[in-house]
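Survey of secondary and tertiary structure
Below are the chains, spelled out letter by letter.
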Amino acid sequence: MKTDSQYDVLVVGGGNAALCAAISARTAGARVLVFEVAPRAFRGGNSRHTRNLRCMHERPEDVLTGAYPFTEYWDDLIQVTGGDTNETLARITLEESANCREWMMRHGVRFQPALGGTLHLSRTNAFFLGGGKALLNAYYRTAETLGVEIEYDAEVQALDIREGRFHSATVRRNGECMEVSAASLVAAAGGFQGNLDWLREIWGEAADNFIIRGTPYDTGTILRALQGRGAETVGDPAQCHAIAVDARAPRFDGGIVTRVDSVSLGIVVNREGVRFYDEGEDFWPKRYAIWGRLIASQPGQIAYSIIDSKSMGLFLPPLYPPIEAGSLAELARELSLDEATLERTIVEFNAAVRGGAFDHTVLDECGTEGLRPAKSHWARPLDRPPFLAYPLRPGITFTYMGVAVNERAQVLMENKEPADNVFAAGEIMAGNILGKGYLAGIGMTIGTVFGRIAGREAACRVLS
Ligand SMILES: Cc1cc2nc3c(=O)[nH]c(=O)nc-3n(C[C@H](O)[C@H](O)[C@H](O)COP(=O)(O)OP(=O)(O)OC[C@H]3O[C@@H](n4cnc5c(N)ncnc54)[C@H](O)[C@@H]3O)c2cc1C
């Protein structure tokens, strides 16, 4: 590794956004160095857990069915964010999503038809053959072939940015710190969800019960460094994508298999044995991302999805087996819940269920009557043992707070002026587009679109 400014572009991060930036910058003719804090075997951040990206298209395209025009994509984004989005950057993301797949395939990524059980996404989302891990392996191979230099176990700890101009980065490698300068910087170091102390600052002790679904290496060091050097912050620190995961999942990196999809088929109770939200509010893919936050605000940040034998086989099988019991009393004991309360919750729920034709593929007529909170759809009495339960915890996918950027992916400083040679892509700037809410697959779209822009602009800044 050279330590003087023989590099045109320094990319911090080793996930999707970083690799898209590195490949774009190198293709534009720049000498590129990538610092990835993880060891090689764990390279790729959260991106290695992904399965698909959401892209606009006017007609069926190999793995994508039907059409997903701009207006529909736009409406979907406005609906989930409640309009809390930078419209210029959102428009760029959606428009550029149309040409992502061609670029990705040119750089080694392959696609496959949507998997069974996720057919509702086959129109909007393109699935990576072999998942995010295969995508990253392809990108790393391409980057290396193009001549991008990649350093693993290389943590960038500080950035020397003065008056909006990047000079050098302090990187720790093999126990030693060194200064590395480059003409431009691309910050693509993900969110800060891997930093439990930072989560605790925001959520208090509740954070001790959070499970981080992805990499432990996204600690927000670069976000903090940029903020400390005058970059403008976007997004609420408490906003994050959080779903219900099995409470038995590992603290980090459990990935997609720890997700529990049974919620809409039964009821969810907290540790007091009472329900706290409408489990059948909307289709599971639309509502699944609210459950992490809901559980985060329950006592002890624990909840239990309870179903009966009628629902087995109707949802994606989770990694861990359910806790099974022949009676409600036994189930309460297994879950260490108060027997009388749990029984009362279920008896009241069963009594409130109004009949109808159960159909999990539509918003059916099986709701409850006179129950608070109601269950709007797919309500069936829990009356056919064995009873089954999955313990749930908040599973944090990623945080939203990041740095403000412009349409060239330049980081904006607090005085609203763009930094001269500092660019950002991926999760670290996704809060510009996702003020709140989430659309499945848009994380990878934002990273691909802005990774390419950041790499190209960082190279241009040097070479023009
Ligand atoms: C289980 C799971 C499933 C998901 N599925 C999907 C999906 O199917 N589709 C989708 O669109 N999104 C999905 N997401 C979200 C998606 O992972 C992110 O939106 C996307 O990967 C972000 O890419 P990124 O490059 O910004 O961050 P990451 O991929 O997290 O990359 C950040 C990189 O920065 C490195 N880094 C951090 N700090 C430093 C430092 N100080 N010095 C050097 N390197 C550093 C990290 O090691 C990492 O390599 C999923 C997330 C999870 C956890």
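Keep in mind that this is a model prediction, so the values were computed, not measured. (Residues numbered from 1 in each chain as written. Predicted model: local features only at pLDDT ≥ 70, side-chain atom pairs only at ≥ 80, totals over all residues. Heavy atoms only, no water.)

Turning next to the overall build of the chain. Looking only at helices and strands, the chain features 11 helices and 19 strands. Relative to the compact-globule value of 23 Å for 464 residues, the chain shows a C-alpha radius of gyration of 23 Å, a close match. Oriented by its inertia axes, the alpha-carbon framework of the chain measures out at about 70 × 50 × 40 Å. Taken across its 464 residues, the chain has 58% of its residues classed as buried. Long-range contacts, defined as pairs at least 24 residues apart, comprise 72% of the intrachain contacts of the chain with a sequence gap of at least 6. Summed over all atoms, the accessible surface of the chain reaches about 17,800 Å², with 49% contributed by carbon and sulfur. Distance from the positive charge centre (47 side chains) to the negative charge centre (57 side chains) of the chain: 4 Å. (Helix = DSSP H or I, 4+ residues; strand = E, 2+ residues; numbered from the N terminus. Rg over C-alpha atoms; globule rule 2.2 N^0.38 Å. Buried < 20%, exposed > 50% of the residue type's maximum accessible area, 1.4 Å probe, protein only. Contact = heavy atoms within 4.5 Å. Areas by Shrake-Rupley, 256 points an atom, 1.4 Å probe, with all protein chains shown as cover. Lys, Arg positive; Asp, Glu negative; His and termini not counted. Charge placed at Lys NZ, Arg CZ, Asp CG, Glu CD.)

On to the packing of helix α1 (residues 16-27) against helix α4 (residues 131-146). Geometrically, a packed helix pair is captured by the angle between its two axes and the distance between the axes. Axis separation between α1 and α4 bottoms out at 10 Å; the angle between their running directions is 25°. On the basis of their axis angle, the class for α1 and α4 is roughly parallel. Helix-helix and strand crossings are classified by hand; for α1 and α4 the assignment is left-handed. Touching Asn16, Leu19, Cys20, Ile23, Arg26 and Thr27 of α1 are Leu135, Leu136, Tyr139, Tyr140, Thr142, Ala143 and Leu146, all from α4. Along the lines of polarity and charge, the residues of the contact of α1 with α4 split into 9 nonpolar, 3 polar and 1 charged. (Axes fitted to C-alpha atoms, helices over the stretch in contact; angles between N-to-C directions. Parallel < 35°, antiparallel > 145°, perpendicular 65-115°, else oblique. Left-handed = near helix turned anticlockwise from the far one by under 90°. Nonpolar A, V, L, I, M, F, W, Y, C, P; charged D, E, K, R; others polar.)

Surveying the vicinity of the ligand reveals 40 residues, the closest of which are Glu36, Ser47, Asp218, Glu427 and Met444. At 2.5 Å, a side-chain N or O of Glu36 approaches an oxygen atom of the ligand. Between the ligand and the protein, one listed contact pairs an oxygen atom with a side-chain N or O atom of Ser47 at 2.5 Å. In the complex, 97% of the free accessible area of the ligand, which totals 1,000 Å², lies under the protein chains. Among the elements of the structure, α1, β7 (155-162), α6 (221-228), β16 (387-399) and α11 (442-463) are those that each provide at least two residues to the shell around the ligand. With 3 residues, the single largest contributor to the shell around the ligand is α11. (Near = heavy atom within 4 Å. Polar contact = N/O pair within 3.5 Å; in protein donor to acceptor, adjacent residues only side chain to side chain.)

Take the sheet that holds strand β4 (residues 111-112) next. Taken in spatial order, the 3 strands make up an open sheet running β3-β5-β4, and their pairing is antiparallel. Bordering the open sheet on either side are β3 (52-54) and β4, each of which pairs with just one other strand. In the sheet, β3 pairs with strand β5 (residues 125-128) via 3 bridges, with the strands oriented antiparallel. Bridge pairing in β5 links Leu53 to Ala126. (Pairing = 2+ DSSP bridges.)

Here we take up the pattern of salt bridges. Within this structure, the stated rule accounts for 25 salt bridges. The partner of Arg54 in a salt bridge is Asp76, with the nearest N and O atoms 3.9 Å apart. One end of the pair, Arg54, is in strand β3; the other, Asp76, is in helix α2 (residues 70-81), and 22 residues separate them in sequence. Where Arg101 meets Asp62, a salt bridge forms, and the shortest distance between an N and an O atom there is 2.6 Å. Note that Arg101 is positioned in helix α3 (residues 87-106) and Asp62 in the loop between β3 and α2, a separation of 39 residues in sequence. Residue Arg101 is classed as buried on the basis of its relative accessible area of 4%. If you follow the salt bridges from partner to partner, you end up with Glu61, Asp62 and Arg101 in one network. (Salt bridge = Lys/Arg side-chain N within 4 Å of Asp/Glu carboxyl O.)

Moving on to α11. Residues that lie three or four places apart on an α-helix share one face, since the helix turns once every 3.6 residues. Between the first and last C-alpha of α11 there are 31 Å, a value that for 22 residues agrees with the 32 Å anticipated at 1.5 Å per step. Within α11, 17 of the 22 residues are buried, leaving the element largely enclosed by the surrounding structure. (Expected span 1.5 Å × (residues − 1).)

Taken as a whole and judged by the stated rule, the model has 13 aromatic pairs. Considering the side-chain rings of Phe315 and Tyr390, the 6.0 Å spacing of their centres and the 90° angle between planes classify their relative orientation as edge-to-face. Remark: Tyr390 occurs in strand β16 and Phe315 occurs in the loop between β14 (303-308) and β15 (323-325); sequence separation between them is 75 residues. Among the residues examined, Phe315 registers a relative accessible area of 11% and is labelled buried. (Phe/Tyr/Trp six-rings, centres within 6.5 Å; stacked < 30°, edge-to-face > 60°.)

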